[in-house]
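The residues making up each chain are set out below.
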Amino acid sequence: MKIIVEPSKCDGLGMCEAVAPDLFEVGPDGIVRVLDDAPGEDRRVDVQAAIDACPVLALKLSS
Ligand code: SF4
């Protein structure tokens with residue numbers, strides 16, 4: 001499982017960070033950073049919740 005971000009889409013509102021603050025952080029530039037872009041399978045529910053929470057579809061999951 002790999003998290004992919006499209007930084008150009010990110011609006012920095014931090015919905016993903018609110019859902020999974022150990023995986024996502026909005027930087028001072030207003031663009032999200034993925035703190036762990038390849039989390040274990042046990043985090044799939046949290047990752048999917050963060051992806052679903054993103055209003056601009058800036059997050060994706062690769063397999
Ligand atoms: S929820 Fe989407 S737009 Fe908002 S900070 Fe996260 S990646 Fe960026």
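Here goes a summary of the coordinates provided. (Residues numbered from 1 in each chain as written. Predicted model: local features only at pLDDT ≥ 70, side-chain atom pairs only at ≥ 80, totals over all residues. Heavy atoms only, no water.)

## Some details on the site of the ligand
Filter applied, for reference: We call a residue near a molecule or strand when any one of its heavy atoms sits within 4 Å of it. Polar here means any residue outside two lists: the nonpolar Ala, Val, Leu, Ile, Met, Phe, Trp, Tyr, Cys and Pro, and the charged Asp, Glu, Lys and Arg; Gly therefore counts as polar.
Around the ligand, 14 residues are found, and the nearest of them are C10, D11, G14, C16 and C54. Across the shell around the ligand, the residue classes break down as eleven nonpolar, two polar and one charged.

## Thoughts on the nonpolar core
Using the following cut-off: Here, the term nonpolar core denotes a set of buried Ala, Val, Leu, Ile, Met, Phe, Trp, Tyr and Cys residues that are joined through side-chain atoms within 4.5 Å. Buried means the residue's accessible area, taken with a 1.4 Å probe over protein chains only, is under 20% of the maximum for its type, while exposed means over 50%, and partly exposed covers the values in between. The helix count covers DSSP runs of H or I at least four residues long, the strand count covers runs of E at least two residues long, and both are numbered beginning at the N terminus. Residues count as neighbours in contact if any of their non-hydrogen atoms are within 4.5 Å of one another.
With 15 residues, the main nonpolar core has C16, L23, F24, V32, V47 and L59 as its most contacted residues. Elements supplying a minimum of two residues to this core: β1 (2-5) and α2 (44-53). At three residues, α2 tops the list of elements feeding residues into this core. If sequence neighbours within four positions are ignored, V32 has contacts with V5, C10, C16, F24, E25 and V26.

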